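# Residue-level structure breakdown
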Amino acid sequence: MPLESVPNFSEGRDRATIGALAAALSERAELLDVHSDPDHNRSVFTLVGGEADLTDSLLAAVACARELIDLRRHEGAHPRIGAADVVPIIALDPADAERARACALRLAERIGSELAIPVFLYGESAPGRGPAFFRRGGPGGLQERIDAGELHPDFGPYRLDERAGAVIVGARRPLIAFNVNRATADVEVARAIAAAVREAGGGFPGVRALGFALPSADRAQVSMNVEDWEAAALHEIVARVEEEAHARGVEVAGAELVGLMPAGAAAAAAGSILRIDGFNASHVLELRLLDRARA
């Protein structure tokens, strides 16, 4: 099985820059999906490859982002501390978790030494630290915490790159990035719903959620990362979001998948909607055939 990466870059508006990043990522790895959002001013790429090819492609893309994205002029709804903000390495097969951790460590070391950009490890590469831990206060706040000795980069210099900031790198499990839009521009409603569904507020386990304004669509959005789709089923999360919205007199205006999602999560949602008892990924023809081919 190949490894997967879903790097997030702080550019969602300039098509030339997004295209250049896609070209860099495609040099040696296989690019499967590009999702760009102008309000978040962020693009999420999905690619797969072997360790060496994946590392080389990601390194080239981080170098491209350093040249083309200037955080000093960046505006967007999504929190960030880097032009190449977060670069996860994902084992599609749990048996490959150690491969993913080794690949993430090698990529982090090369970004720090070859590109001279500070790198912070997260996820399975630094348990207990997620992207939000580093994004608190933005690039300026992160530099203040480094200067105060509160934390330090795992690789690279102790001063953030003036244009590119820093990069967060780590191995993690597959997750689902999923947004639900509200039929209102009131961002406080979205934030209240996000607080109700995220784990930190007593909601679903492994769910991280924020409320954002989407000026271009005159909407507010609940933006979620579902870090354990087996512990928190997507269809149950959406049902809770709708329930919280209706309690506040607001309708759901649609949902959005960022990148790709595991087939098992889609199968679970389909089984629930169709009310098929015991339905799971093993009942999907193509997935059964893939399992046979791997065996």
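This write-up is about the structure you can find in this document. (Residues numbered from 1 in each chain as written. Predicted model: local features only at pLDDT ≥ 70, side-chain atom pairs only at ≥ 80, totals over all residues. Heavy atoms only, no water.)

### Looking at the overall build of the protein chain
Tallying secondary structure elements over the protein chain gives nine helices and eleven strands in all. The C-alpha radius of gyration of the protein chain comes to 19 Å, within 12% of the 19 Å expected for a compact globule of 295 residues. Seen through its principal axes, the protein chain has C-alpha atoms that stretch 55 × 50 × 35 Å. Here the protein chain holds 295 residues, and the buried ones make up 48% of them. Summed over its atoms, the accessible surface of the protein chain is roughly 13,500 Å², and 52% of this surface lies on carbon and sulfur atoms. Taking the average location of the 31 positive side-chain charges in the protein chain and that of its 43 negative ones, the two points are 2 Å from each other. (Helix = DSSP H or I, 4+ residues; strand = E, 2+ residues; numbered from the N terminus. Rg over C-alpha atoms; globule rule 2.2 N^0.38 Å. Buried < 20%, exposed > 50% of the residue type's maximum accessible area, 1.4 Å probe, protein only. Areas by Shrake-Rupley, 256 points an atom, 1.4 Å probe, with all protein chains shown as cover. Lys, Arg positive; Asp, Glu negative; His and termini not counted. Charge placed at Lys NZ, Arg CZ, Asp CG, Glu CD.)

### Describing a nonpolar patch on the surface
On the surface, Ile273, Leu274 and Ile276 cluster together into a nonpolar patch covering about 320 Å² of accessible area. Within the secondary structure, leucine 274 is located in helix α8 (residues 263-274). Judged by its relative accessible area of 58%, leucine 274 is exposed. (Patch = residues over 30% accessible without salt bridge, like charges linked within 9 Å, V, L, I, M, F, W, Y side chains within 5 Å. Salt bridge = Lys/Arg side-chain N within 4 Å of Asp/Glu carboxyl O.)

### Concerning the nonpolar core
Ranked by size, the top nonpolar core spans 39 residues in total, and within it Phe9, Leu58, Ile89, Leu107, Ile111, Val167 and Val169 carry the most contacts. Per-element accounting of this core gives the leading share, eight residues, to helix α2 (residues 51-68). Apart from residues lying up to four places away in sequence, phenylalanine 9 is in contact with Leu21, Leu25, Asn41, Arg42, Ser43, Phe45, Ala61, Val62, Ala65, Ile69, Ala83 and Ala84. Counting 22 residues, the second largest nonpolar core, distinct from the first, contains Ala190, Phe204, Ala220 and Ile237. (Core = buried A, V, L, I, M, F, W, Y, C linked by side-chain atoms within 4.5 Å. Contact = heavy atoms within 4.5 Å.)

### A word on empty space enclosed by the protein
Considering all chains together, one arrives at one cavity of 30 Å³ or more under this definition. The space that makes up the largest cavity amounts to roughly 30 Å³. Lining the largest cavity, in full, are Val62, Ala65, Arg66, Ala83, Ala84, Ile117, Ala164, Ala166 and Val167. Top element by residues in the lining of the largest cavity is α2. It accounts for three residues. (1 Å grid on protein atoms, 1.4 Å probe; cavity = no way out; pocket = protein on both sides within 12 Å on 5 of 7 lines; lining within 4 Å. Points joined across faces, edges and corners; volume = space filled by probe spheres on them.)

### Overview of helix α1 (residues 15-25)
Buried within α1 we find Thr17, Ile18, Leu21, Ala22, Ala24 and Leu25. Down the axis of α1, the buried side of the element spans an arc of 160°, and every buried residue falls inside it. Turned more than 90 degrees from where α1 packs its buried face, Arg15 and Ala16 sit exposed. (Arc of directions from axis to C-beta.)

### So, the side chain of arginine 135
Tracing the backbone shows arginine 135 in helix α4 (residues 131-135). Judged by its relative accessible area of 14%, arginine 135 is buried. If sequence neighbours within four positions are ignored, arginine 135 has contacts with Arg42, His78, Pro79, Arg80, Ile81, Asp85 and Val86.

### A closer look at the packing of α2 against helix α3 (residues 97-114)
Their axes nearest at 10 Å, the elements α2 and α3 cross at an angle of 35°. Between α2 and α3 the crossing geometry is right-handed. Between α2 and α3, the contacting residues are Glu51, Thr55, Asp56, Leu58, Leu59 and Val62 on the first element and Arg99, Cys103, Leu107, Arg110, Ile111 and Glu114 on the second. Class assignment of the residues belonging to the contact of α2 with α3 gives a composition of six nonpolar, one polar and five charged. (Axes fitted to C-alpha atoms, helices over the stretch in contact; angles between N-to-C directions. Left-handed = near helix turned anticlockwise from the far one by under 90°. Nonpolar A, V, L, I, M, F, W, Y, C, P; charged D, E, K, R; others polar.)

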